[in-house]
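The primary structure of each chain is shown beneath.
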Amino acid sequence: MNLLALNNGDPSEFRMMEYVGTNMEPTIPRETFIVIRPVDRFDYDGLYMVDTGSIYRCDRRIGGYVYLKNDCPHFGEGFAMLEPHFNECVRGKVTHILQCQDRTYMRQRAAVA
């Protein structure tokens, strides 16, 4: 996974990456570029990247749990974890899914980051 720094490379700012996983199809098609905002805790429902580099659809559940699931049904059921544990492994939140006509330039930029 190559992260391209946006906003002059400040690590606290947004990052762009090419997501090669298939677990979030059709929401995030394979080899789609996405923009990630670094976060260190769950703030509200959405798509989050965890420390393994995987993206999950996450929502808060009763009892202090965060439920993580894949959009692709081939990956089976999701799983729950306590919110403090989720906060330890979360790395970012997806803010944009980019539909690129030509990925060559984007891949070149991500390779130098």
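Everything that follows concerns the structure shown earlier in this document.
First, a word on what this report is: a plain description of the structure on this page. Not measured: the values here are computed from a predicted model. (Residues numbered from 1 in each chain as written. Predicted model: local features only at pLDDT ≥ 70, side-chain atom pairs only at ≥ 80, totals over all residues. Heavy atoms only, no water.)

Structural notes on the overall build of the chain
Along the chain, the regular secondary structure elements total two helices and eight strands. Ordered by position from N to C terminus, the α and β elements of the chain give β-β-β-β-β-β-β-α-β-α. In the chain, which comprises 113 residues, the proportion classed as buried is 38%. Considering only residue pairs separated by 6 or more positions, the chain has 48% of its internal contacts joining residues 24 or more positions apart. Working note: accessible area of the chain is about 6,700 Å², and carbon and sulfur atoms make up 50% of it. (Helix = DSSP H or I, 4+ residues; strand = E, 2+ residues; numbered from the N terminus. Buried < 20%, exposed > 50% of the residue type's maximum accessible area, 1.4 Å probe, protein only. Contact = heavy atoms within 4.5 Å. Areas by Shrake-Rupley, 256 points an atom, 1.4 Å probe, with all protein chains shown as cover.)

A look at the environment of Arg30
With respect to the helices and strands, the residue Arg30 is situated in the loop between β2 (15-19) and β3 (32-38). For the pair Arg30 and Val20, spaced 10 residues apart in the sequence, the C-alpha separation amounts to 5.1 Å. Beyond its immediate chain neighbours, meaning those up to four positions away, Arg30 contacts Tyr19, Val20, Gly21, Thr22 and Glu25. Of the polar contacts made by the side chain of Arg30, one reaches the backbone oxygen of Val20; its length is 3.4 Å. Among the polar contacts listed, one links the side chain of Arg30 to the side chain of Glu31, at a separation of 3.0 Å. (Polar contact = N/O pair within 3.5 Å; in protein donor to acceptor, adjacent residues only side chain to side chain.)

Topic: the nonpolar core
One finds Val39, Phe42, Tyr48, Val50, Tyr56, Cys58, Val66, Leu68, Met81, Phe86, Cys89 and Val90 forming the largest nonpolar core, which totals 12 residues. Every residue in contact with Cys58, bar those within four places of it in the chain, is listed here: Phe42, Asp45, Gly46, Tyr48, Val66, Tyr67, Leu68 and Phe86. Residues Ile34, Met49, Ile55 and Val94 belong to the second largest nonpolar core, which totals 10 residues. (Core = buried A, V, L, I, M, F, W, Y, C linked by side-chain atoms within 4.5 Å.)

Let's talk about the pattern of salt bridges
Counted by the stated rule, this structure contains seven salt bridges. The salt bridge involving Arg41 is made with Asp40; its shortest N-O contact spans 3.6 Å. Note on Asp40: relative accessible area 54%, which makes it exposed. Salt bridges sharing common partners tie together Arg37, Asp43 and Lys93. (Salt bridge = Lys/Arg side-chain N within 4 Å of Asp/Glu carboxyl O.)

Regarding unusual backbone geometry
Following Glu25, the chain continues to Pro26 via a peptide bond in cis, the omega torsion being 5°. Assignment of secondary structure puts Pro26 in the loop between β2 and β3. Of note in this structure, Glu31 is not a glycine but carries a positive phi near 60°. On the secondary structure map, Glu31 appears in the loop between β2 and β3.

As for the side chain of Asn23
On the secondary structure map, Asn23 appears in the loop between β2 and β3. On the basis of relative accessibility, which here comes to 7%, the residue Asn23 falls in the buried class. A polar side-chain atom of Asn23 sits 2.8 Å from the main-chain carbonyl oxygen of Ile55. Sequence-distant contacts of Asn23, defined by excluding residues within four places in its chain, comprise Ile55, Tyr56, Asn70, Asp71, Cys72 and Phe75.

Regarding the environment of Ile97
Checked against the element boundaries, Ile97 lands in strand β8 (residues 90-98). Expressed as a C-alpha distance, the spacing of Ile97 and Glu18, which sit 79 residues apart in the sequence, is 9.9 Å. Each residue touching Ile97, except ones within four places of it in the same chain, is listed here: Thr27, Ile28, Thr32, Phe33, Ile34 and Leu47.

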